[in-house]
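This is what each chain is made of:
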Amino acid sequence: MLNIQIKYFTDKIDEIHPIGNCSDWIDLRVAEDVEMKAGDWRLIPLGVAMKLPEGYEAHIVPRSSTFKHFGVIQTNHMGIIDNSYSGDGDQWMFSAYALRDTVIHANDRICQFRIMKNQPPVSFQRVEHLDAEDRGGFGSTGIGAVTEK
């Protein structure tokens, strides 16, 4: 089991905890009330900083209900927090773009994260041909796949 130090920046949010046996993802909450108009972009504070173990990173994505409830999308589609972002003031944020006017209240669950091992070292070897059969082009595993010639 990984032991992760966590600092809370506010008492307006519930403490973070895994969700039983039903999910590998852990919810994050908005640290303060946020009002956004359609077309606004904002870094929404999540009220926590963590000291991730060496060799690990956090992946942050919206909850499945985030757009339905709040009308925002995450601008970079996934946030990555590496273990060097672990200072006393390194509060985690959610980069949001509003597609409609919205109000998000402190303690609302807006996104989720999981802790992942860093990618192992890799190297690339340049070749003239790959040793596998072509699959049929980009998007070839679905019905109605189109290949561009």
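Check the entry above for the structure.
As the structure is a computational prediction, the values presented were derived from the model and not from experiment. (Residues numbered from 1 in each chain as written. Predicted model: local features only at pLDDT ≥ 70, side-chain atom pairs only at ≥ 80, totals over all residues. Heavy atoms only, no water.)

## Some thoughts on the overall build of the protein
Within the protein, the regular secondary structure consists of 1 helix and 11 strands. When its helices and strands are written in sequence order, the protein yields β-β-β-β-β-β-α-β-β-β-β-β. Taken across its 149 residues, the protein has 32% of its residues classed as buried. Across the protein, the fraction of contacts at a sequence separation of at least 24, relative to all contacts at a separation of at least 6, is 74%. When the accessible area of the protein is evaluated, it comes to approximately 10,500 Å², of which 50% is carbon and sulfur surface. (Helix = DSSP H or I, 4+ residues; strand = E, 2+ residues; numbered from the N terminus. Buried < 20%, exposed > 50% of the residue type's maximum accessible area, 1.4 Å probe, protein only. Contact = heavy atoms within 4.5 Å. Areas by Shrake-Rupley, 256 points an atom, 1.4 Å probe, with all protein chains shown as cover.)

## Some thoughts on the pairing of strand E11 (residues 109-117)
Pairing analysis gives 4 bridges linking strand E2 (residues 26-29) to E11, with the strands arranged antiparallel. Looking across to E11, one finds that Leu28 is bridged to Cys111. Bridging between strand E6 (residues 56-62) and E11 involves 7 bridges; their strand directions are antiparallel. Across the sheet, Tyr56 pairs through a bridge with Lys117, a residue of E11. (Pairing = 2+ DSSP bridges.)

## Re the environment of Asp24
Its location among the elements puts Asp24 in the loop between strand E1 (5-8) and E2. Using a relative accessible area of 53% as the deciding quantity, one classes Asp24 as exposed. Along the sequence, Asp24 and Gln112 sit 88 residues apart, while their C-alpha atoms lie 9.7 Å from each other. Not counting the four nearest positions on each side in its chain, Asp24 is found in contact with Phe113 and Arg114. A polar atom in the side chain of Asp24 sits 2.8 Å from the side chain of Arg114. (Polar contact = N/O pair within 3.5 Å; in protein donor to acceptor, adjacent residues only side chain to side chain.)

## Considering the pattern of salt bridges
For the structure shown, the criterion picks out 7 salt bridges. The salt bridge involving Glu32 is made with Arg42; its shortest N-O contact spans 2.7 Å. Linking Glu32 in the loop between E2 and strand E3 (34-36) with Arg42 in strand E4 (residues 41-45), this pair joins segments that are 10 residues apart in sequence. We note a salt bridge from Glu35 to Lys37, for which the minimum N-O separation is 3.7 Å. Overall, Glu35 belongs to the exposed group, its relative accessible area being 55%. A cluster of three or more residues bridged by salt bridges with shared partners is formed by Asp27, Arg63 and Arg109. (Salt bridge = Lys/Arg side-chain N within 4 Å of Asp/Glu carboxyl O.)

## Things to note about the side chain of Gln74
Among the secondary structure elements, Gln74 is positioned in strand E7 (residues 72-74). Residue classification places Gln74 among the buried residues on the basis of a relative accessible area of 4%. Apart from the residues within four sequence positions on either side, Gln74 is in contact with Ile60, Val61, Pro62, Gly79, Phe94 and Ser95.

## Some thoughts on the nonpolar core
Counting 24 residues, the largest nonpolar core has Ile44, Val72, Trp92 and Ile110 as the members making the most contacts within it. For this core, the secondary-structure elements that each account for two or more residues are E2, E3, strand E5 (48-51), E6, strand E9 (93-98) and E11. Each residue touching Ile44, except ones within four places of it in the same chain, is listed here: Val30, Val34, Met36, Trp92, Met93, Phe94, Ala96, Ile104 and Ile110. (Core = buried A, V, L, I, M, F, W, Y, C linked by side-chain atoms within 4.5 Å.)

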